[in-house]
Structures are given as C-alpha cells and as structure tokens.
Amino acid sequence: MMNAFCKTLLASALATATLASAHAADPLTVYGKLNVTAQSNDVQGDSETTIQSNSSRLGVKGAFELSSSLEAFYTIEYEVDTGDAAKENFKARNQFVGLRGNFGAVSVGRNDTMLKKSQGKVDQFNDLSGDLKNLFKGENRLAQTATYVTPSMSGFQLGVTYAASGDSDQLEQDGYSLAAMYGDSGLKSSPIYAAIAYDSDVKGYQVARATVQGKIAGVQLGAMYQQEEKVYDVDDNDTVNPFDGDSYSGYLVSAAYTIDSVVLKAQFQDMEDKGDSWSVGADYKLGKPTKLFAFYTATSYEGAAKDDNFIGLGIDHKF
C-alpha cells in the first residue's frame, strides 16, 4: 500500500514538473540518480554475486518566494532499491520543509544530522562497500528533526539539529547535533574545507568529529578524526538504560587524483576496537551525468576469523 502511494506521489510530481513552466512562481525540480553495481562479495568466507543498488534515489524539491526576504523550500526524497526481490523498493530519505532568508535556514522533518552533513566529500567510497558508516557511528538520518543553519559569514557556517525524543531511534532521549564548517566541500570556491561536529545523545551515542579536505599538486586529500561513546542501550525488556561504555577513537584518510576523464581513488579507515578498512578504485566519466566505476574494498573486523572483501563494477547516472 505504501509503495503504491509513493509511486502515485512521484508520478504526480513528474507530471507537475513537466508543467512547471506554466507556474513559474512555484518551480519544482525532479532529480535523482541510479547507482548499480555488479559485485562479488566475500563476507566471512561466504561468497555471492549480486547486482545491487547503492542508495539510488528519486526526489522532488522546490522553493517559493514569499517576499523579497523570505523563501519557503522543501524536499521529498526516496531511496530506490533496484535489487529488492520483494519489490518493496521505496525507502524514505530526506523529507523536510523550511524557511530561509537573511537569518539563515530553518527546516523541520526527516533530515541528515549536522554531524553527518559536516563530512563534506571526504568519503571517496560513499554509498559503496567502503562507506565510512561501516566503521564510524554518526551517519544518521532521523525522522523527527528541526535544523537551523546560519548564513555564510566569510566562508564560515554554523548548524544545529534537534532530534526529538519521540523519534523511535532516539531511545526516548532528546538529542543535538552541532557543526561548524568553513569553505566549500566541493573545493570549487575555496581551496580548503574544514569542519568540527558533535552529537549529544543522538541515537544513543556521543560523537565528536573533525574533518578537513584540500588539494595539493592536483591531488584531493581528505582526513577525518572521530571519537565516539555509547551512552544509552536497550535491555531485553525494551527498557532504555544508561550504558557505561568506553570511548573509542578512529581516523580516515582519503585521496583522489584526476587524469583527463579518469579519477583514481584510495581510502583507509580505522576504528579502535572495531576494525579497519581500505579501498581503491577508479571512476571514468562518460559525460557530465554519467560515469563508470570499479572498486575493491577489504574490511577486517576485530575478532573476525576472516576479512570481508568486495569487488564491484558499476554505473552511476544522475538526472
């Protein structure tokens, strides 16, 4: 039933976008991407071959000028899992509405936390088997959030996300995600991007993160340092209890180098008491929206008898 509703909604959005030129006061953009790989996955000695979707998505977004100094904006986005055998392939991603102006931007709804947003583009294998979320906590998208981001002030921006205790992922605790950022994460309008971020009681964890990116002699370099501590847990009776856990630290380093239409990439990540992962890969740009890519990822978890290994060939098309 839900998938039928989603399909109807998105079909309506597509039709609306087609007619958007007739209603220029409220333009609507339909966007998305398909990222699909043919992979060989060797997980703890068990091997399988998959044709899988990697956070493919379809969304609509738009804005409406309420006055010369105030604008309403919105996003409704779904993940499309092309490899779901049950055909239940729509999953909610960012879905929010907000207001923005000289004061900055305020939005409410389902959204990435500020700590998640602060990573910029340091993760060269985002959405793939080498994604940093496999070893680092904090890559959260929560259903009940309110977010405020300041205007850019000489390249600096501050942001805060409030996570309501009513969100089931919040374990009945209010949470906050804070970030201070400088520069352009795409490194187009600034030579460096840097951010510090902190999660307080978000999804049961406290997380502190520092991220930096830059270019040296044509090589895009990135690094991240993170400390995380579990502060809440759920027992067998589904009761939330404080968790007196230890704090763990980890780091990530990444690099990318472009040669004409080819981007060579490498990344290493380590988290104390959890494991480490390294990835290498290459992208080949066929055109502005389309690329072919290949990657290899090896992940070693603490206490595991064998490493996990992933080899993939894929295509990514944005629209």
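Higher on the page you've got the structure.
Residues numbered from 1 in each chain as written. Predicted model: local features only at pLDDT ≥ 70, side-chain atom pairs only at ≥ 80, totals over all residues. Heavy atoms only, no water.

Asker: Which residues make up the nonpolar core, and what values go with them?
Answerer: Grouped together as the largest cluster of nonpolar side chains are eleven residues: Met 114, Leu 115, Val 149, Ala 179, Met 181, Leu 187, Tyr 193, Ala 195, Ala 197, Tyr 205 and Val 207. Breaking this core down by element, the ones donating at least two residues are α2 (114–117), β9 (175–182), β10 (192–202) and β11 (205–216). A total of three residues in this core trace back to one element, the largest contributor, which is β10. Those residues within four positions of Val 149 in sequence are excluded, and the remaining contacts are Gly 104, Ala 105, Met 114, Gln 157, Leu 158 and Gly 159. (Core = buried A, V, L, I, M, F, W, Y, C linked by side-chain atoms within 4.5 Å. Buried < 20%, exposed > 50% of the residue type's maximum accessible area, 1.4 Å probe, protein only. Helix = DSSP H or I, 4+ residues; strand = E, 2+ residues; numbered from the N terminus. Contact = heavy atoms within 4.5 Å.)

Asker: Please set out the packing of aromatic side chains residue by residue, giving values where relevant.
Answerer: Overall, the coordinates contain six aromatic pairs when judged by the stated rule. With a centroid separation of 4.7 Å and an interplanar angle of 45 degrees, the aromatic rings of Phe 156 and Tyr 182 are classed as tilted. With Phe 156 in strand β8 (residues 156–163) and Tyr 182 in strand β9, this residue pair connects regions lying 26 residues apart in the sequence. Look at Tyr 162 and Tyr 176: their rings are 5.6 Å apart centre to centre, the planes differ by 45 degrees, and that puts the pair in the tilted class. A residue pair is termed long-range when its members are at least 10 positions apart, and Tyr 162 in strand β8 and Tyr 176 in strand β9 qualify at 14 residues. A relative accessible area of 30% places Tyr 162 in the partly exposed class. Over the aromatic face of Tyr 31 sits the side chain of Lys 61, whose NZ or CZ is 5.0 Å from the ring centroid. It is Lys 230 that lies over the ring of Phe 243; its NZ or CZ is 5.0 Å from the centre. (Phe/Tyr/Trp six-rings, centres within 6.5 Å; stacked < 30°, edge-to-face > 60°. Lys NZ or Arg CZ within 6 Å of the ring centre and 35° of its normal.)

Asker: Describe the side chain of Thr 50, and please don't skip the residues or the numbers.
Answerer: Summarising the element assignment, Thr 50 is placed in strand β2 (residues 46–53). Judged by its relative accessible area of 16%, Thr 50 falls in the buried class. Reaching out from Thr 50, the side chain makes a polar contact with the side chain of Asn 41 at a distance of 3.3 Å. (Polar contact = N/O pair within 3.5 Å; in protein donor to acceptor, adjacent residues only side chain to side chain.)

Asker: Break down the pattern of salt bridges for me, citing the residues and quoting the values.
Answerer: Taken as a whole, this structure holds 13 salt bridges when the rule is applied. Linking Glu 71 and Arg 100 is a salt bridge whose minimum nitrogen-to-oxygen distance equals 2.7 Å. In this pair, Glu 71 sits in strand β4 (residues 70–80) while Arg 100 sits in strand β5 (residues 90–101), placing the two residues 29 residues apart along the sequence. Owing to a relative accessible area of 27%, Glu 71 belongs among the partly exposed residues under this scheme. For Asp 316, the salt bridge goes to Lys 318, with nearest N and O atoms at 3.2 Å. Take Asp 316: its relative accessible area is 2%, and that puts it in the buried class. (Salt bridge = Lys/Arg side-chain N within 4 Å of Asp/Glu carboxyl O.)

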